[in-house]
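Okay, here's what each chain looks like letter by letter:
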Amino acid sequence: MKKLQLFSLFFFVGLLISGIHPKEYFTWFLEVLPAIIGFAILAFTFKRFQFTNFTYFFILIHCYILFLGGHYTYVEVPPFEWIKETFHQTRNNYDKVGHFAQGFVPAMIVRELFIRKNVISNKSYFNFIIVAICLAISAAYEWLEWGVSLCTGEGGDAFLGTQGYVWDTQSDMLYATIGAICMLIFFSKKHDNSLKNI
């Protein structure tokens, strides 16, 4: 239980700090809601299945990415405003960090579940299926953003965060796909090492 307590401490500290005078409370709620749902699932299933510390660490990083985006809105995260001004970019690109993580972290979660539960017997399809699942998650999230924007009007525009970029949805899914592929290429061995310690 110590692992869950430590994870919970860092999670709630980040969540509470992000909720102190955010740019807009409705947008903050929408942005941090996936992290809250994810935390609830992890806590509910903790006795039956515990991920490696390696995976929990990256889940926590993903949560903090969501907390930061929720606090400022993805359109106005300060360091990326500086990057936008310095390099004469047309938009604040912090949302691409979020979508990269949206592929990277689920790829690690799915990979660990597949390995430990022996889900796929034919390993030649292993990485392809992981990337496909991450792309499906990304596409589903884009549907969610679209639905919220349609239902709430201007209130959901900050959540949608296209910033006038016509290819925002497609590029979001591309970054998630790149994130999943990067996890599999660069972190599989380290992930395997952490799995050996279970």
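Here, every reference points to the structure presented above.
Keep in mind that what you see is a predicted model, and the values were worked out from it rather than measured. (Residues numbered from 1 in each chain as written. Predicted model: local features only at pLDDT ≥ 70, side-chain atom pairs only at ≥ 80, totals over all residues. Heavy atoms only, no water.)

Asker: Could you clarify how one ought to interpret the overall build of the protein in this entry?
Answerer: Across its full length, the protein carries nine helices and zero strands. Secondary structure elements in the protein, listed N-terminal to C-terminal, are α-α-α-α-α-α-α-α-α. Relative to its length of 198 residues, the protein is compact, with a C-alpha radius of gyration of 17 Å against a globular reference of 16 Å. Seen along its three principal axes, the alpha-carbon backbone of the protein occupies a region of about 45 × 35 × 35 Å. Taken across its 198 residues, the protein has 43% of its residues classed as buried. When the accessible surface of the protein is summed, it comes to about 11,200 Å², and 70% of that surface belongs to carbon and sulfur atoms. (Helix = DSSP H or I, 4+ residues; strand = E, 2+ residues; numbered from the N terminus. Rg over C-alpha atoms; globule rule 2.2 N^0.38 Å. Buried < 20%, exposed > 50% of the residue type's maximum accessible area, 1.4 Å probe, protein only. Areas by Shrake-Rupley, 256 points an atom, 1.4 Å probe, with all protein chains shown as cover.)

Asker: Would you explain the packing of aromatic side chains in this entry?
Answerer: Remark: the centre distance and the inter-plane angle together describe each pair of aromatic rings, the angle taken between the planes. Under the definition given, this model contains 21 aromatic pairs. Measuring from ring centre to ring centre gives 6.2 Å for Y25 and W28, while their planes differ by 80°; the resulting arrangement is edge-to-face. With a gap of three residues between them, Y25 and W28 both fall in helix 2 (residues 25-44), about one helical turn apart. An aromatic cluster is built from F7, F11, F12, F39, F49, F51, Y56, Y64 and F67, whose rings are joined through pairwise contacts. The ring of F49 has R116 sitting right over it, with the charged end atom 4.1 Å from the ring centre. (Phe/Tyr/Trp six-rings, centres within 6.5 Å; stacked < 30°, edge-to-face > 60°. Lys NZ or Arg CZ within 6 Å of the ring centre and 35° of its normal.)

Asker: Can you walk me through the pattern of salt bridges in this structure?
Answerer: Charged atoms that come close allow side chains of opposite charge to pair. Applying the stated criterion across every chain yields a total of eight salt bridges. The residue K96 makes a salt bridge to D168 at a minimum N-O spacing of 3.1 Å. One end of the pair, K96, is in helix 5 (residues 94-117); the other, D168, is in helix 8 (residues 168-186), and 72 residues separate them in sequence. Across the pair, exposure class does not vary: K96 and D168 are buried alike. For D172, the salt bridge is made with K96, and the minimal N-O distance between the two is 2.5 Å. (Salt bridge = Lys/Arg side-chain N within 4 Å of Asp/Glu carboxyl O.)

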